[in-house]
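Per-entry structural report
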Amino acid sequence: MAKRSTFKTLTCAVMLGFICYQNAEMISNHVVGWLSLWLPIKTASATHYAETYNNDPQTTEMNIEGPHTHTDKPHDLDDIQGKAKGTNITGPELTEDEVKVTRQQCDADRRGNGKQGMKGESGQRGLVGMKGASGHCPPRHILQATWRALNSNHFEGPLLSTIFVKEFFGTALRLTWSGDLRLKANSEDVPACRRWYFTFNGNECVNPHPIDAQLYTETQMYLDNIHRHTTIDGMCQGLFNGRVLIELNIGPCRLTQQLGFSEGYPFTGWDTTTSLIVEEIHLITNKLGEDN
């Protein structure tokens with residue numbers, strides 16, 4: 001009877017040991033849980049901070065004893081290894097090279113000068129803008145006067161005239177005259193010279209200069225009768241607004257008195273159309289040019 005009881009006891013002990021061996025990890029976890037309810041150990045606190053450190057890659061320092069703190073002090077080996085030191089919760093410790101790389105990455109993240117990220121995708125095309133207002137180009141104020149076969153042999157005084165109504169004071173008038181001119185010397189001894197010039201309300205332009213042209217003929221050409229197409233072009237500023245009488249005149253050259261030129265035989269507008277175009281122009285500056 002005693003032998004049978006001893007055999008049963010041994011059998012139960014063997015079976016209990018086998019069960020414990022197969023479920024050692026589960027039993028160990030239960031034991032630790034029971035002990036944590038009664039013993040004042042910091043296992044739970046260490047587990048909490050270790051898991052927090054592992055789940056937050058931006059954490060640069062960890063304090064096992066209390067909440068996280070961030071400072072600008074450089075990390076040492078204990079700081080980097082702190083997540084595992086003294087807790088036996090995480091895996092093997094980092095090597096010194098790994099710690100150095102980790103410290104550099106943490107410092108770079110804290111300063112905000114980490115590696116450049118990948119280029120983002122292009123944004124969507126914007127909406128079409130509203131149509132702008134139509135541009136405005138003011139109309140040009142132009143007058144053209146023409147004379148068919150003027151055929152004037154006058155050697156002094158007005159040859160033709162027209163009226164132009166100037167709208168603004170600060171504008172300039174541009175004149176373009178086109179027609180036929182001729183000048184013959186009347187003697188084989190004295191050269192001839194004649195001047196064609198424009199006047200505005202009876203006065204020549206002074207701003208900037210007169211608008212004119214001159215023809216000069218030597219004595220040895222007194223028998224020649226050459227008609228030439230000529231263009232006289234210029235601008236005049238400083239004229240008052242309102243009606244402006246514009247005249248083409250003929251007269252002596254500027255050096256006639258000093259050099260003794262004769263008036264010769266001038267002719268204007270021989271058997272061709274003579275035209276005068278007048279345009280009022282708004283200038284960018286108030287001065288047409290510098291005097292030379």
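Residues numbered from 1 in each chain as written. Predicted model: local features only at pLDDT ≥ 70, side-chain atom pairs only at ≥ 80, totals over all residues. Heavy atoms only, no water.

1. Some details on the pattern of salt bridges
Evaluation of the coordinates by the stated rule reveals 5 salt bridges. Arg174 is paired through a salt bridge with Asp233; the nearest N and O atoms lie 3.4 Å apart. Here Arg174 is found in strand S3 (residues 172–184), whereas its partner Asp233 is found in strand S6 (residues 227–237), with 59 residues between them in sequence. For Arg174, a relative accessible area of 36% translates into the label partly exposed. Relative accessible area serves as the criterion here: at 39%, Asp233 is assigned to the partly exposed category. A salt bridge links Arg195 to Glu204, with the nearest nitrogen and oxygen atoms 2.6 Å apart. (Salt bridge = Lys/Arg side-chain N within 4 Å of Asp/Glu carboxyl O. Helix = DSSP H or I, 4+ residues; strand = E, 2+ residues; numbered from the N terminus. Buried < 20%, exposed > 50% of the residue type's maximum accessible area, 1.4 Å probe, protein only.)

2. Describing the packing of aromatic side chains
Scanning all chains against the criterion turns up 2 aromatic pairs. Taken together, a centroid distance of 5.6 Å and an interplanar angle of 40° make the contact between Phe169 and Phe240 tilted. Of this pair, Phe169 sits in the loop between strand S2 (157–166) and S3 while Phe240 sits in the loop between S6 and strand S7 (242–252), and the two are 71 residues apart along the sequence. Between Tyr216 and Phe261, the aromatic rings sit 5.4 Å apart at their centres with planes inclined by 65°, giving edge-to-face as the arrangement. Of this pair, Tyr216 sits in strand S5 (residues 212–217) while Phe261 sits in the loop between helix H6 (256–259) and strand S8 (265–268), placing them 45 residues apart in sequence. What makes Tyr216 partly exposed here is its relative accessible area of 42%. (Phe/Tyr/Trp six-rings, centres within 6.5 Å; stacked < 30°, edge-to-face > 60°.)

3. Focus on the side chain of Thr268
Looking at the element boundaries, Thr268 is found in strand S8. Thr268 sits in the buried class, given a relative accessible area of 0%. At 3.0 Å, the side chain of Thr268 forms a polar contact with the side chain of Trp196. Excluding its chain neighbours within four sequence positions, the residues that come into contact with Thr268 are Leu150, Asn151, Ser152, Leu159, Trp177, Asp180, Leu181 and Trp196. (Polar contact = N/O pair within 3.5 Å; in protein donor to acceptor, adjacent residues only side chain to side chain. Contact = heavy atoms within 4.5 Å.)

4. Some points on the confidence of the model for the chain
Per-residue confidence for the chain gives a mean pLDDT of 76; residues scoring 70 or more make up 60%. In this model, residues 40–89 is a region of pLDDT below 50 whose contacts with residues beyond four sequence positions or in other chains number 61 contacts. (pLDDT = per-residue confidence, 0-100.)

5. A short note on the state of the cysteines
If you walk through the whole model with that rule in mind, you get 2 disulfides. The disulfide that involves Cys193 links it to Cys253, with 1.8 Å between the sulfurs. Since a negative S-S torsion denotes a left-handed disulfide, the Cys193-Cys253 link at about -90° is left-handed. Highlighted residues: Cys193 in strand S4 (residues 192–200) and Cys253 in the loop between S7 and H6, separated in sequence by 60 residues. Considered together, Cys193 and Cys253 belong to a single accessibility category, that of buried residues. Each sulfur in the disulfide pair Cys205 and Cys236 lies 2.2 Å from the other. Taking the torsion about the S-S bond as the criterion, the Cys205 to Cys236 disulfide, at about 100°, is right-handed. Of the two residues, Cys205 is situated in the loop between S4 and S5 and Cys236 in strand S6; the sequence distance between them amounts to 31 residues. Here Cys205 falls in the buried class, since its relative accessible area comes to 3%. (Disulfide = S-S within 2.5 Å.)

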